[in-house]
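Coordinates in review
Read off the chains here:
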Amino acid sequence: MTHAIDISCAIGGKKLPSLIMNASGPLCTMEDHLRALCQSSSGAVVTKSMTIEPRDGNPHPKYADLEYGSVNSNGLENLGVGRYMEVISKLKKEFPDCVFIASVAGLKEEDYYNMAAEIGTVADLIEVNLSCPNIPGKPQIAYDMEASDRILKTINTKTQAPIGVKLPAYCDPVFLKEAADMLMKHELAYLSLINSIGHTVHVDPLTDETVIHPNNGRGGLGGAYIKPIALGQVHAFYQLLGNRIPILGVGGVYTGRDVYDYVLAGATGVQVGTAYMQEGPAIFTRIAQELRNVLAEKGARSAQEKLGMLKIRGVNT
Ligand code: SIN
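Description of the structure in this document.

Cut-off values and rules
Residues numbered from 1 in each chain as written. Predicted model: local features only at pLDDT ≥ 70, side-chain atom pairs only at ≥ 80, totals over all residues. Heavy atoms only, no water. Helix = DSSP H or I, 4+ residues; strand = E, 2+ residues; numbered from the N terminus. Contact = heavy atoms within 4.5 Å. Buried < 20%, exposed > 50% of the residue type's maximum accessible area, 1.4 Å probe, protein only. Pairing = 2+ DSSP bridges. Core = buried A, V, L, I, M, F, W, Y, C linked by side-chain atoms within 4.5 Å. Arc of directions from axis to C-beta. Near = heavy atom within 4 Å. Polar contact = N/O pair within 3.5 Å; in protein donor to acceptor, adjacent residues only side chain to side chain. Areas by Shrake-Rupley, 256 points an atom, 1.4 Å probe, with all protein chains shown as cover. 1 Å grid on protein atoms, 1.4 Å probe; cavity = no way out; pocket = protein on both sides within 12 Å on 5 of 7 lines; lining within 4 Å. Sits in = over half its atoms within 2 Å of the grid points. Points joined across faces, edges and corners; volume = space filled by probe spheres on them. Nonpolar A, V, L, I, M, F, W, Y, C, P; charged D, E, K, R; others polar.

1. Structural notes on the environment of aspartate 56
Relative to the helices and strands, aspartate 56 is located in the loop between β4 (45-46) and β5 (63-66). Residues aspartate 56 and leucine 79, spaced 23 residues apart in sequence, show a C-alpha to C-alpha distance of 8.5 Å. When neighbours within four sequence positions are excluded, aspartate 56 is seen to be in contact with Lys62 and Glu77.

Structure representation (structure tokens):
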């Protein structure tokens, strides 16, 4: 009877039937991708990070599968906010029960405000991407607390749509605390932790070349390589924020057990990137069933029952 186990969650006042959804990035750029997500068991439909104008992004090859994950330097290839307004409006009519999360990535601060004002009229939530590592000459804004503070404060005045934030890893407790203090000043629907880890190099042993071309061959690392780092970020932010801001864990979600680990660490939901790229939309049904099986084995009737229940060796046992 595992189907009776509740894997729903709520973010930004929206109830999602499954806490497992796609991550902004892979296979969510084109209308067909987004339609396939609407037809899948993904708990929400998250768009590719959009910019004001359409972009081709960085030159190819800009994505490679790796033994334990993937590397990309996509460069925000997307259709532009105007086209996503049309696509989301259309898909909402076809799939009225779907929850749409529009990811926005400004090339300058005003872009965030202008896009939020527009896309917030059609999308259910906005994911503010402050952590793209792949645009030459542009920093990952989330490492600048003052700029992030300003953007989150202003963007919330520009739209009624609830706002989530996509962050990079802060691998130092001082910066984690600084980020948590800054984030707590704002009304946020969720944190998405974490974006790919930027500027990594992978060598093709046959050619002695980097496996991707842009940014001198350096790109954002995703997949199983980064799961322990992402789990650490979820765990640390959960301890700092408690239940004040729900967390979505991202990084190395391939199985129901991976999702369960994120829930234990404090994630209300998860977003699937590399594994969705590699397996396609059927992955959401498989992982959901696996999660229900894990929860049944643990004697839990819902995923949220296990939220933040990670035991620390030698403390809780
Ligand atoms: C990209 O388009 O380069 C990836 C976006 C991101 O990682 O935020």
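The discussion continues.
2. Observations regarding the pairing of strand β8 (residues 125-129)
The element β8 is extensively covered by neighbouring structure, given that five of its five residues are classed as buried. The alternating pattern of β8 places Leu125, Glu127 and Asn129 on one face and Ile126 and Val128 on the opposite face, and all of these are buried. Relative to β8, strand β7 (residues 100-104) runs parallel, the two being bridged by four bridges. Each residue of the ladder has a partner; that of alanine 102, found in β8, is isoleucine 126.

3. Quick word on the nonpolar core
Residues Ile20, Ile119, Leu191 and Phe237 are the most contacted members of the largest nonpolar core, which totals 102 residues. If sequence neighbours within four positions are ignored, phenylalanine 237 has contacts with Leu167, Tyr170, Leu176, Ala179, Ala180, Leu183, Leu191, Leu193, Gly242 and Ile247.

4. Section: the sheet that holds strand β15 (residues 247-250)
Pairing is parallel in the open sheet, where eight strands are placed in the order β3-β16-β15-β10-β9-β8-β7-β4. The two strands at the open ends of the sheet, each matched to only one other strand, are β3 (20-22) and β4. Note: strand β9 (residues 163-167) against strand β10 (residues 190-193), four bridges, orientation parallel. Residue pairing across strands places leucine 167 opposite leucine 193, the latter belonging to β10.

5. Structural notes on the side chain of serine 192
Tracing the backbone through its elements, the reader meets serine 192 in strand β10. We classify serine 192 as buried; its relative accessible area is 0%. Beyond its immediate sequence surroundings of up to four residues, serine 192 is in contact with Glu127, Val165, Lys166, Leu167, Leu248, Val250 and Gln271.

6. Details of helix α1 (residues 31-39)
The complete set of buried residues in α1 reads Glu31, Leu34, Arg35, Leu37 and Cys38. When α1 is viewed along its axis, its buried side chains cluster within an angular range of 160 degrees and face the same direction. In α1, the exposed positions angled more than 90 degrees off the buried face are occupied by Asp32 and Gln39. In the core, the buried residues of α1 are packed alongside β3, β4, α2 (81-94), β7, α9 (274-279) and α10 (283-297).

7. Description of the site of the ligand
Near the ligand the following residues occur: Lys48, Asn72, Asn74, Gly75, Leu76, Asn129, Cys132, Pro133, Asn134 and Asn195. Interatomic distance of 2.7 Å between a side-chain N/O atom of lysine 48 and an oxygen atom of the ligand. About the coverage of the ligand: the protein hides 93% of its 260 Å² of free accessible area. A majority-of-atoms criterion places the ligand in the largest pocket.

8. What about the layout of surface pockets?
Empty space within the largest pocket amounts to approximately 700 Å³. Residue lining of the largest pocket: 42 residues in total, with Ser24, Gly25, Pro26, Lys48 and Asn72 positioned closest to the centre. Where the lining of the largest pocket is concerned, the elements lending two or more residues are β6 (69-72), β14 (219-222), β16 (269-272) and α9. Top contributing element to the lining of the largest pocket by residue count: α9, with three residues. When the residues that make up the lining of the largest pocket are grouped by side-chain class, the tally is 17 nonpolar, 21 polar and four charged. Considering only enclosed or pocket space, the second largest pocket measures out at about 200 Å³ in volume. Taken together, 18 residues make up the lining of the second largest pocket; nearest its centre are Gly106, Tyr112, Lys138, Pro139 and Ile141. Residue assignment for the lining of the second largest pocket shows that the elements contributing at least two residues are α3 (109-119) and α4 (145-158). Among the residues forming the lining of the second largest pocket, the class breakdown is 11 nonpolar, four polar and three charged.

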